[in-house]
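# Architecture and fold: a report
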Amino acid sequence: MAGRTAGRFLAPVLFGLTLLILWEMTVRLFDVPQVILPAPTEIATAIAANAPTLWADFVQTVLKGALTGWLIGCAAGIGAALLVARVPWLRRGLLPVGNFVAALPIVGTAPILVMWFGFGWESKAAVVVVMVFFPVLVNTVAGLSDTDAMQRDLMATYAATPGQTLRHLRGPAALPFVFNGLKIATTLALIGAIVAEFFGSPTVGMGFRISTEVGRLNLPMVWASIAVAAVAGSASYALIALLEKRLTFWHPSQRGR
């Protein structure tokens, strides 16, 4: 069934439902305490009972912090990659610095950015920008370089301008790499926004909710926030993957899917 068109959607749904059923049975049969692992039904009840709160957290963390930071960071990363591709010395100077910044732990940079930009969503967006900028930059630069000398010589033979070469050769060649960076950035954005809220936020947000409810041992609410974050992250990743399939249908990685 998994090899058929409909099965590609039904198989993960059935597999997920099976895991939830096994989870529920394990918690009920072995009488697992709620503070250790709540049952899926308890998590669903918490989601239904706290829907307005979870929605406010979603808006604060995902729409304001993560999405804004993702848009700014990805746009800046792609723009910087276009500049790096034209100026060779920037590649030698910027990419090593980018690798260094990307290696910095978020638990070290998040408190600093929160102190710089305040406790609102702006500081969470700043954390997301720092986290997504360099993965997008590195992937885009790699994609723009993914052309061989013969292809570039052919464009020069046609007297193509740098803009035309970018549009018809280097841009399409870079698209699969760009989408890889965007998909990586999608998961990093949500993680960055949530973790940044641990270090200071208004009384709203997924990170604030998780840290507060853990202190109260309200584990169903903690798992409810985690479930909302997981669904939001999966939906965002799926949208990027769908857009990638539409725009890079010609690439070997998309054939046969």
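In the block above lies the structure referred to throughout.
Please read all numbers here as calculations on a predicted model, not as lab measurements.

Right, let's talk about the packing of aromatic side chains for a bit. Throughout the structure, instances matching the rule amount to three aromatic pairs. Measuring from ring centre to ring centre gives 5.4 Å for W23 and W223, while their planes differ by 65°; the resulting arrangement is edge-to-face. Highlighted residues: W23 in helix α1 (residues 7–29) and W223 in helix α10 (residues 219–247), separated in sequence by 200 residues. Owing to a relative accessible area of 22%, W23 belongs among the partly exposed residues under this scheme. Accessibility expressed as a relative area gives 27% for W223, which makes it partly exposed. Here W55 and F58 contribute two aromatic rings whose centre-to-centre distance is 5.4 Å and whose plane-to-plane angle is 20°, an arrangement assigned as stacked.

This brings us to the packing of helix α3 (residues 51–86) against helix α8 (residues 162–197). Closest axis-to-axis distance for the α3/α8 pair is 8 Å, and the angle between their directions is 145°. In terms of crossing hand, the pair formed by α3 and α8 is right-handed. Facing Q60, T61, V62, G65, A66, W70, C74, I78, L82, A85 and R86 of α3, the residues of α8 in contact are P162, L166, R170, V178, L182, A185, T186, A189, L190, A193, I194 and E197. Taken together, the residues of the contact of α3 with α8 break down into 16 nonpolar, four polar and three charged.

W70, C74, L137, V141, L182, A185 and A189 are the most contacted members of the largest nonpolar core, which totals 25 residues. Secondary-structure elements contributing two or more residues to this core are α3, α4 (88–102), α6 (121–144) and α8. Excluding anything up to four places from it in sequence, A189 contacts A66, W70, V128 and V132. One finds V62, M206, V222 and A229 within the second-largest nonpolar core, a separate group that totals ten residues.

Relative to the 52 Å expected for 36 residues at 1.5 Å per residue, α8 spans just 43 Å between its end C-alpha atoms, considerably shorter than the ideal helical length. Where α8 bends most, at G171, the angle is about 50°, and the proline P172 comes one to four residues later.

Glancing now at a nonpolar patch on the surface. Nonpolar side chains collect at one region of the surface, where F15, L19, I21, L22, M25, L29 and F30 lie side by side and expose about 790 Å² of accessible area between them. Here L29 lies in helix α1. Here L29 falls in the exposed class, since its relative accessible area comes to 66%.

Under the defined criterion, the tally for this structure stands at four salt bridges. For R28, the salt bridge goes to E24, with nearest N and O atoms at 2.9 Å. Of this pair, R28 and E24 are both found in helix α1, four residues apart, which corresponds to roughly one turn of the helix. Under the relative-accessibility criterion, R28 is labelled partly exposed at 47%. For K183, the salt bridge is made with E244, and the minimal N-O distance between the two is 2.8 Å. With a gap of 61 residues between them, K183 in helix α8 and E244 in helix α10 connect regions that are remote in the sequence.

Parameters at a glance
- Residues numbered from 1 in each chain as written.
- Predicted model: local features only at pLDDT ≥ 70, side-chain atom pairs only at ≥ 80, totals over all residues.
- Heavy atoms only, no water.
- Phe/Tyr/Trp six-rings, centres within 6.5 Å; stacked < 30°, edge-to-face > 60°.
- Helix = DSSP H or I, 4+ residues; strand = E, 2+ residues; numbered from the N terminus.
- Buried < 20%, exposed > 50% of the residue type's maximum accessible area, 1.4 Å probe, protein only.
- Axes fitted to C-alpha atoms, helices over the stretch in contact; angles between N-to-C directions.
- Left-handed = near helix turned anticlockwise from the far one by under 90°.
- Contact = heavy atoms within 4.5 Å.
- Nonpolar A, V, L, I, M, F, W, Y, C, P; charged D, E, K, R; others polar.
- Core = buried A, V, L, I, M, F, W, Y, C linked by side-chain atoms within 4.5 Å.
- Expected span 1.5 Å × (residues − 1).
- Bend = angle between axes of the 7 residues up to and from the residue.
- Patch = residues over 30% accessible without salt bridge, like charges linked within 9 Å, V, L, I, M, F, W, Y side chains within 5 Å.
- Areas by Shrake-Rupley, 256 points an atom, 1.4 Å probe, with all protein chains shown as cover.
- Salt bridge = Lys/Arg side-chain N within 4 Å of Asp/Glu carboxyl O.

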